[in-house]
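Understanding the architecture of this molecule
Chain by chain, the residues run as shown.
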Amino acid sequence: MKKDLTEGKVWFVLTMFVLPIIAGSIIQQMYTTVDSIIVGRFVGKTGLAAINSVATLFKFPLNFMGGLSGGMTVIISRYYGSKNKDELGKSVRTALTMSIVMGIVFSVIGVSLAPWMLTLMKVPGDIFALTLSYVRVYFAGIFATVMYNNAAGILRAYGDSATPLYILIVCGLFNVAADYLFVGVFGWSVAGAAYATIMSQVISAIIALYVIERISKEEKQKIFLYPEFSFAHAGSMVTLGIPLGIKSILFPIANSIVASAVNGRGTDVIAAWGVCGTLDLLIWLIADSMGSAQSTFVAQNLGANQHKRAYKGTFIGVALTVVPVALVSIGLFFAAGSFGYLFVPDSDAPAVIPLVIEYMRLMAPFYVFYGLYAAFSGAICGAGQTLIPTVLTLTFTCVLRVLAIFFVLPHFESMECIIWIYITSWIVTGVVFTVMFQFLYHKWNK
């Protein structure tokens with residue numbers, strides 16, 4: 001259902017818009033969580049380590065296309081806010097055409113370069129073959145994930161965040177059943193988990209594209225699924241989307257370098273770090289969902305020339321991010337060990353669970369700084385200033401992490417040092433984006 005974000009009480013409109021995004025993100029990430037639980041139970045810690053050793057790898061194409069999708073969403077949101085239906089239709093059709101091409105390209109590249117990428121990430125020899133089978137299957141179907149994410153972004157540009165949620169509920173249930181069938185019953189190991197995830201994403205993409213086509217008929221426009229490529233619209237999307245795409249892959253690049261340091265510390269540490277990465281998914285989903293919602297909200301309102309409403313909505317969005325992130329952080333601080341037992345068999349728990357508790361208690365008090373970063377970054381991007389967040393993210397998060405890995409970690413050589421590198425980058429980036437938003441807003445309104 002389409003919603004105009006330029007009308008109504010800001011806190012209510014923004015809350016109702018972001019809640020389905022958060023819920024949808026949770027369900028989508030549940031694919032990975034269910035993979036971890038079922039693989040951990042039926043394959044053991046080697047299977048769990050196999051899929052978690054490359055957790056950041058898939059984020060390269062998905063995050064880059066997510067960035068491009070963000071540029072598409074900003075353009076589409078502005079046309080929707082300004083009620084320009086002709087340009088709106090052209091922008092949607094151009095966005096879908098670009099998505100199809102890029103999705104296929106990433107699938108081909110991913111399958112072809114899989115062995116080289118695993119070697120680069122220093123995946124241990126005892127899990128290399130398992131990991132390779134998982135990666136190849138996942139990359140073979142990643143085009144469907146790209147298509148669904150971009151189609152969902154188009155729907156959100158219309159203010160419709162509920163339909164993607166409904167789609168993901170159906171496909172999430174399918175993923176759970178397929179995971180159990182392929183891994184637990186058929187014994188396909190980690191490749192079975194990848195097959196289940198990709199099949200779910202194919203179904204999601206088909207349904208989302210069908211909904212978009214129905215919207216085009218309701219608007220009495222040319223069918224949105226009709227191939228069209230407008231150089232003007234594509235240029236605007238790329239101009240805004242490339243910086244977002246680069247920003248989106250900066251985290252995986254830096255995190256892959258960190259992951260290589262983690263992978264060199266043994267299977268128990270990899271497994272424990274993977275469990276922590278699964279447990280704190282809700283933190284990232286809340287923060288990143290609000291960042292996405294902020295972009296759409298600000299873009300629609302600026303398209304309607306409602307600058308004060310955009311500014312007010314930004315700070316309401318910050319509050320809607322920080323408060324739930326803090327509550328989840330408290331829960332993780334005290335209950336990480338109990339949740340950890342969901343992901344490892346009893347035989348592996350004595351070696352893995354104490355590490356999960358130790359790592360999570362270090363990180364939990366500082367997640368709120370990432371929330372500040374995500375909310376303010378989304379608002380800046382919604383205003384069409386996508387290059388600035390890219391430069392700031394590169395400087396104060398990625399470069400900081402990489403330099404610390406190369407120059408600080410050798411002096412300590414501990415997992416605790418790696419965790420403090422993450423924490424420091426969250427604090428610095430959160431503070432920088434808070435200050436930068438205030439500076440940019442006053443500059444835009446002079």
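The following paragraphs examine the structure supplied in this document. (Residues numbered from 1 in each chain as written. Predicted model: local features only at pLDDT ≥ 70, side-chain atom pairs only at ≥ 80, totals over all residues. Heavy atoms only, no water.)

Next up on the list: the environment of Gly103. Position of Gly103 among the secondary structure elements: in helix H4 (residues 85-120). Between the alpha carbons of Gly103 and Pro61 there is a distance of 8.6 Å; along the sequence they are 42 residues apart. Leave out the neighbours within four places in its chain, and Gly103 touches Phe143 and Val146. (Helix = DSSP H or I, 4+ residues; strand = E, 2+ residues; numbered from the N terminus. Contact = heavy atoms within 4.5 Å.)

Attention shifts here to the pattern of salt bridges. As enumerated under the stated definition, the model contains 2 salt bridges in all. In this structure, Glu87 and Lys90 form a salt bridge, with 3.9 Å as the shortest nitrogen-oxygen distance. With Glu87 and Lys90 both in helix H4, this residue pair falls 3 residues apart, about one helical turn. On the accessibility criterion, Glu87 (22% relative accessible area) is partly exposed. Lys90 sits in the partly exposed class, given a relative accessible area of 33%. (Salt bridge = Lys/Arg side-chain N within 4 Å of Asp/Glu carboxyl O. Buried < 20%, exposed > 50% of the residue type's maximum accessible area, 1.4 Å probe, protein only.)

Moving on: helix H14 (residues 367-382). The first and last C-alpha atoms of H14 sit 23 Å apart over 16 residues, in line with the 22 Å expected at 1.5 Å per residue. Count one or two residues on from H14 and you reach Gly384, which has phi positive near 90°. (Expected span 1.5 Å × (residues − 1).)

With that settled, the discussion passes to the packing of helix H11 (residues 281-303) against H14. With their axes 7 Å apart at the nearest point, H11 and H14 run at an angle of 20° to one another. The angle between the axes of H11 and H14 places the two elements in the roughly parallel class. Here H11 runs over H14; the crossing is right-handed. For the pair H11 and H14, the contacting residues are Ile283, Trp284, Ala287, Asp288, Met290, Gly291, Gln294, Ser295, Val298, Ala299 and Leu302 in the first and Tyr367, Tyr370, Gly371, Ala374, Ala375, Gly378, Ala379, Cys381 and Gly382 in the second. Partitioned by chemical class, the residues of the contact of H11 with H14 number 13 nonpolar, 6 polar and 1 charged. (Axes fitted to C-alpha atoms, helices over the stretch in contact; angles between N-to-C directions. Parallel < 35°, antiparallel > 145°, perpendicular 65-115°, else oblique. Left-handed = near helix turned anticlockwise from the far one by under 90°. Nonpolar A, V, L, I, M, F, W, Y, C, P; charged D, E, K, R; others polar.)

The next thing to look at is helix H6 (residues 142-157). The terminal C-alpha atoms of H6, which comprises 16 residues, lie 23 Å apart, in line with the 22 Å expected from a rise of 1.5 Å per residue. A large share of H6 lies buried, amounting to 14 of its 16 residues. Trailing H6 by a residue or two, Gly159 shows a phi angle of about 85°, which is positive.

This paragraph deals with the packing of aromatic side chains. Applying the stated criterion across every chain yields a total of 25 aromatic pairs. An aromatic cluster is defined as three or more aromatic residues linked by ring pairs; in this entry it consists of Trp273, Trp284, Tyr359, Tyr367, Tyr370, Tyr373, Tyr422, Trp426 and Phe433. Of note, Arg361 hangs over the ring of Phe333, and the distance from its end group to the ring centre comes to 5.4 Å. (Phe/Tyr/Trp six-rings, centres within 6.5 Å; stacked < 30°, edge-to-face > 60°. Lys NZ or Arg CZ within 6 Å of the ring centre and 35° of its normal.)

Let us look at the packing of helix H12 (residues 307-340) against H14. Packing of H12 against H14 leaves a shortest axis separation of 8 Å and a crossing angle of 155°. Taken together, the axes of H12 and H14 lie roughly antiparallel to each other. Classified by chirality, the crossing of H14 by H12 is right-handed. Where H12 approaches H14, its residues Thr314, Phe315, Gly317, Val318, Thr321, Val322, Val325, Ala326, Ser329 and Leu332 are matched on the opposing element by Tyr367, Val368, Gly371, Leu372, Ala375, Phe376 and Ala379.

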